[in-house]
Amino acid sequence: MKNKNGLIFELKNVKILLLKKDVKRVNNMKETIFLIIGLILSVIGVILIYDARDITKKLFSFGDQNEASAGLKIVGFIMSIIGVLIIYFNINI
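Residues numbered from 1 in each chain as written. Predicted model: local features only at pLDDT ≥ 70, side-chain atom pairs only at ≥ 80, totals over all residues. Heavy atoms only, no water.

1. Side note on the overall build of the chain
Stated formally: Under the DSSP-based scheme used, a helix requires at least four consecutive residues in state H or I and a strand at least two consecutive residues in state E, with every element numbered from the N terminus. A 1.4 Å probe rolled over the protein chains alone gives each residue an accessible area, and that area as a share of the maximum for its type sets the label: buried under 20%, exposed over 50%, partly exposed in between. The criterion used for residue contact is that any of the two residues' heavy atoms lie within 4.5 Å. Accessible areas in this description were obtained via Shrake-Rupley with a 1.4 Å probe; residue shielding takes into account the shown protein chains only.
Helix and strand content of the chain: three helices and two strands. Reading the helices (α) and strands (β) of the chain from amino to carboxyl end gives β-β-α-α-α. In the chain, which comprises 93 residues, the share counted as buried stands at 17%. The contacts in the chain between residues at least 6 apart in sequence include a share of 48% that link residues at least 24 apart. In the structure as shown, the chain presents an accessible area of about 7600 Å², 69% of it carried by carbon and sulfur atoms.

So, in C-alpha cells, the structure goes:
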C-alpha cells in the first residue's frame, strides 16, 4: 500500500511505515559499505604488489621467491582491479 510519505507494510495487525528518507538512508549506507570494501581491496592489492618481494623473503625459500613474488603481484593486481571496479560501479549506479 502506498502513502504520500512512503510505503506501508502490514504484518499481523502491525502497520510499518517505511519513509522515503529511510529508503535513501539504507541506500546511502549500502553505497558507503561497498565503497569501504572497494577501498580495502584496492589498498591490499597495492600493498601486495609493492611488498611482494619482502613477503616472499619471509615465507619461502630462495628458489621459490621469484615464482611466489610474481604470483603475489598478479594476485595484488587482480585485487586492486576488483576494488576499483566496485568503487567505479558503486559511484556510477
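2. A few points about the environment of Ile 44
Relative to the helices and strands, Ile 44 is located in helix α1 (residues 20–50). When the C-alpha atoms of Ile 44 and Gly 76 are compared, they prove to be 7.1 Å apart, with 32 residues separating the residues in sequence.

3. As for the packing of aromatic side chains
Note the threshold: By convention, a stacked pair of Phe, Tyr or Trp rings (six-membered ring in the case of Trp) has centres within 6.5 Å and planes under 30 degrees apart, an edge-to-face pair has planes over 60 apart, and any other such pair is tilted.
Under the defined criterion, the tally for this structure stands at one aromatic pair. Ring geometry for Tyr 88 and Phe 89: centres 5.2 Å apart, planes at 75 degrees, overall edge-to-face.

4. Observations concerning the side chain of Asn 90
We count it as follows: Between N or O atoms, a polar contact is any pair within 3.5 Å; within protein, one atom must be a potential hydrogen donor and the other a potential acceptor, and residues adjacent in sequence are included only when both atoms are from side chains.
Its place among the elements puts Asn 90 in helix α3 (residues 65–92). Its relative accessible area of 15% is what places Asn 90 among the buried residues. A polar contact is formed between the side chain of Asn 90 and the backbone oxygen of Glu 31, at a distance of 2.7 Å. Here Asn 90 is in contact with Glu 31, Phe 34 and Leu 35, once residues within four sequence places are set aside.

5. Describing a nonpolar patch on the surface
What counts, and what does not: Patch members must show over 30% relative accessible area and no salt bridge, and they are joined within 9 Å when carrying like charges or within 5 Å when they are nonpolar side chains of Val, Leu, Ile, Met, Phe, Trp or Tyr. Every case where a carboxyl oxygen of Asp or Glu lies within 4 Å of a side-chain nitrogen of Lys or Arg is listed as a salt bridge.
There is a patch of nonpolar side chains on the surface, built from Ile 49, Ile 74, Phe 77, Ile 78, Ile 81, Ile 82, Leu 85, Tyr 88 and Phe 89 and spanning about 850 Å² of accessible area. Element by element, the count of residues in the nonpolar patch is highest for α3, at eight residues. Mapping Ile 82 onto the fold places it in helix α3. What makes Ile 82 partly exposed here is its relative accessible area of 41%.

6. Observations concerning the environment of Glu 31
Mapped onto the elements of the fold, Glu 31 is located in helix α1. The exposure class of Glu 31 is partly exposed, given its relative accessible area of 35%. Considering only alpha carbons, one finds Glu 31 and Asn 90, 59 residues apart in sequence, at a separation of 6.3 Å.

7. So, the confidence of the model for the chain
Short version of the rule: Note on scores: pLDDT gives the predictor's confidence for each residue, bounded by 0 and 100.
In this model, the chain carries a mean pLDDT of 77, and residues with pLDDT of at least 70 account for 69%. The lowest-confidence element of the chain is strand β1 (residues 6–11), averaging 50 in pLDDT; the highest-confidence one is α3, averaging 89.

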